[in-house]
Each structure stands twice: as structure tokens, then as C-alpha cells.
Amino acid sequence: MAAVSQLQRQFIEYTTSLYNEGYLDDQFTQLQKLQDESNPEFVVEVVSLFFEDSEKLLNNLATALQQKIVDYKQVDSHVHQFKGSSSSIGAQRVTNVCVHFRNYCEEKNLDGCLRCLQQVKHEYILVRNKLETLFRLEQQIVQAGGSIPMME
């Protein structure tokens, strides 16, 4: 059982660091509270859908910004969608970059939009990797016979 308590401690420390470093916000906590015995994979499923949608949105954004004549309304629409989905899972740093991205869309500032695209890709990859690590930790705890500690 010592292995389980060590994994649980690791889980709590890692999760706490994700909040402290601004990767996640309280929305992620709310998402976790919706998970129960009847749907133990709820958070993983929702976040997996976020990952799938994000990949498509990032590709759409890259394509839209490469056009000879950039349709900033279309770019803003994609960024708005990305902001909403990242906000809904609590991916705070991605959401924050999207806010700046939308300002550049409003200004029709191509350089600003391209910089934000790189920044939002970077933040997305970081949060994706961190959430995948968190989910692996959860799996290890469950496989060792433990339960996932709830964060307050």
C-alpha cells in the first residue's frame, strides 16, 4: 500500500503544480467533480475530445493565416471556438493566449496573429503533455488498487 500512497502524493503534488503554474484553473476542478463511478472516464473522454478538436482548430488557423487575403473574421471564429473549448476544460494558459489572439484578429494584425498562433500551439502542446502525464498517474494509482485523491 506504500506504493499507492506514494503515487497519490505524487498525483496531488503534480496536480497542485498545474494549478500553481497556471496550466489549469477551477474549471478543471468542476470537470473532475462531474466524474463518478457511473462514468469513471468522464474527464479523460472530455479532454480527449478537446485534444481532437484542438488539432483541427490549429490546422484550420494555420491554413487561414496562410491565405493571400486573410479572412480575419474566419480566423477570429476559429480562435473564439478554441478559447471556448480550452476554457471549458480549464486550460487557462491556452485560453489567455486566445484572448490576445482575438485582439490581433480585431486589429487585422497578421504578424500578431502569426505570433499568437505559435504561442497558442506551444501552450496547447504543454497542457496536452501535462494532462497526459496526469492521466497516466491516475491509471497507475487505479492499477495499484488505490483511488484517485480529490483536489479541493
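This one's a predicted model, so the numbers in the text were calculated from it and none came from an experiment.

1. A word on the confidence of the model for the protein chain
This prediction gives the protein chain a mean pLDDT of 95; 99% of its residues lie at or above 70. By mean pLDDT, the top-scoring element of the protein chain is helix α5 (residues 92-107) (98), and the lowest-scoring one is helix α2 (residues 26-33) (93).

2. Some details on α2
Those residues of α2 that fall on the buried side of the exposure criterion are Phe28, Thr29, Leu31 and Gln32. Taken end-on, α2 shows its buried residues confined to a sector of 160°, consistent with a single buried face. In α2, the exposed residues that point more than 90 degrees away from the buried face are Asp26 and Lys33. Where α2 is buried, its residues meet α1 (2-20), α3 (42-65), α4 (72-89) and α6 (110-143).

3. Some details on the layout of surface pockets
The computed volume of the largest pocket comes to approximately 460 Å³. Forming the boundary of the largest pocket are 17 residues, of which Gln35, Pro40, Glu138, Val142 and Ile148 lie nearest the centre. Sorting the residues of the lining of the largest pocket by element identifies α3 and α6 as the ones contributing at least two each. Among the elements that line the lining of the largest pocket, the one with the most residues is α6, at 5 residues. Among the residues making up the lining of the largest pocket, the classes are represented as 9 nonpolar, 4 polar and 4 charged.

4. Remarks on the pattern of salt bridges
Counted according to the given criterion, the structure contains 3 salt bridges. In this structure, Arg102 and Asp76 form a salt bridge, with 2.8 Å as the shortest nitrogen-oxygen distance. In this pair, Arg102 sits in helix α5 while Asp76 sits in helix α4, placing the two residues 26 residues apart along the sequence. The partner of Glu123 in a salt bridge is Arg93, with the nearest N and O atoms 2.9 Å apart. One end of the pair, Glu123, is in helix α6; the other, Arg93, is in helix α5, and 30 residues separate them in sequence.

Here is what the cut-offs are and how they apply
Residues numbered from 1 in each chain as written. Predicted model: local features only at pLDDT ≥ 70, side-chain atom pairs only at ≥ 80, totals over all residues. Heavy atoms only, no water. pLDDT = per-residue confidence, 0-100. Helix = DSSP H or I, 4+ residues; strand = E, 2+ residues; numbered from the N terminus. Buried < 20%, exposed > 50% of the residue type's maximum accessible area, 1.4 Å probe, protein only. Arc of directions from axis to C-beta. Contact = heavy atoms within 4.5 Å. 1 Å grid on protein atoms, 1.4 Å probe; cavity = no way out; pocket = protein on both sides within 12 Å on 5 of 7 lines; lining within 4 Å. Points joined across faces, edges and corners; volume = space filled by probe spheres on them. Nonpolar A, V, L, I, M, F, W, Y, C, P; charged D, E, K, R; others polar. Salt bridge = Lys/Arg side-chain N within 4 Å of Asp/Glu carboxyl O.

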